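Chain by chain, the residues run as shown.
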Amino acid sequence: MEDQAMDRSALDALASSMVSRGTPEREQALRELRSRGNSPVETIYVMSRVFGISLPEAKAALYESSAWSDQHADWQSLHSELSRDPGN
C-alpha cells in the first residue's frame, strides 16, 4: 500500500477558503469534503480547522454525519475487530 501523507498546507488553505465563504453548516461541510474526495482523516483535520473543534469532536461529527453514513458499518466492523484482538 502506498503511503500518502496529508498535505496540511493544502488542507489549511481549503479550511480557510471554506471559512472565507462563510462558515457552512457542519453537515454541508462534511458533504462538500466527501464530494471533493477527501479521506476521512483529511475531513477530520479540515473540520477541526473550520469549526475550531478538537480532532475527537471532528471525528464524532464525521461518524454521526449522513454524508459518511455508508461507511459506518465498515468502521464499526474495524473497531470491533481491533477491540477483539488488540495485540495484532
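Refer to the structure presented above.
Treat the numbers as computed from the prediction; the structure is a model and nothing was measured.

K.L.:
Go over the overall build of the protein chain, please, and point to the residues and values.
P.N.:
Across its full length, the protein chain holds five helices and zero strands. The secondary structure elements of the protein chain, listed N-terminal to C-terminal, are α-α-α-α-α. By residue count, 31% of the 88 residues in the protein chain fall in the buried class. Counting only contacts in the protein chain whose residues sit at least 6 apart along the sequence, the fraction spanning at least 24 positions is 55%.

K.L.:
Explain the packing of aromatic side chains residue by residue, including any values.
P.N.:
Following the criterion strictly, the structure yields zero aromatic pairs and no others. Cation over ring: R34 sits above W68, and NZ or CZ is 4.5 Å from the ring centre. It is R49 that lies over the ring of Y45; its NZ or CZ is 4.1 Å from the centre.

K.L.:
An account of the nonpolar core is needed here, citing residue identities and associated values.
P.N.:
Formed by 18 residues in total, the largest nonpolar core has its most connected members in M18, L30, L33, V46, M47, V50 and F51. Not counting residues up to four positions away in its chain, the partners in contact with M18 are T23, P24, A29, E32, L33, V46 and V50.

K.L.:
So, the environment of Y63: which residues are in play, and what are the values?
P.N.:
Mapped onto the secondary structure, Y63 falls in helix 4 (residues 55–64). Residues Y63 and P40, 23 residues apart in the sequence, show an inter-C-alpha distance of 9.3 Å.

K.L.:
Lay out the packing of helix 1 (residues 8–20) against helix 3 (residues 40–51) in plain terms, naming residues and giving numbers.
P.N.:
As a packed pair, helix 1 and helix 3 sit with axes 9 Å apart at the nearest point and diverge in direction by 45°. Classified by the interaxial angle, the pair formed by helix 1 and helix 3 is oblique. Helix 3 is crossed by helix 1, and the crossing has right-handed handedness. Within the contact between the two elements, helix 1 uses R8, L11, D12, L14, A15, M18 and V19 and helix 3 uses E42, Y45, V46, R49 and V50. Residues belonging to the contact of helix 1 with helix 3 are distributed by class as follows: eight nonpolar, no polar and four charged.

Rules used in this analysis
- Residues numbered from 1 in each chain as written.
- Predicted model: local features only at pLDDT ≥ 70, side-chain atom pairs only at ≥ 80, totals over all residues.
- Heavy atoms only, no water.
- Helix = DSSP H or I, 4+ residues; strand = E, 2+ residues; numbered from the N terminus.
- Buried < 20%, exposed > 50% of the residue type's maximum accessible area, 1.4 Å probe, protein only.
- Contact = heavy atoms within 4.5 Å.
- Phe/Tyr/Trp six-rings, centres within 6.5 Å; stacked < 30°, edge-to-face > 60°.
- Lys NZ or Arg CZ within 6 Å of the ring centre and 35° of its normal.
- Core = buried A, V, L, I, M, F, W, Y, C linked by side-chain atoms within 4.5 Å.
- Axes fitted to C-alpha atoms, helices over the stretch in contact; angles between N-to-C directions.
- Parallel < 35°, antiparallel > 145°, perpendicular 65-115°, else oblique.
- Left-handed = near helix turned anticlockwise from the far one by under 90°.
- Nonpolar A, V, L, I, M, F, W, Y, C, P; charged D, E, K, R; others polar.

Take it as geometry only, folks, not as evidence of what the structure does.
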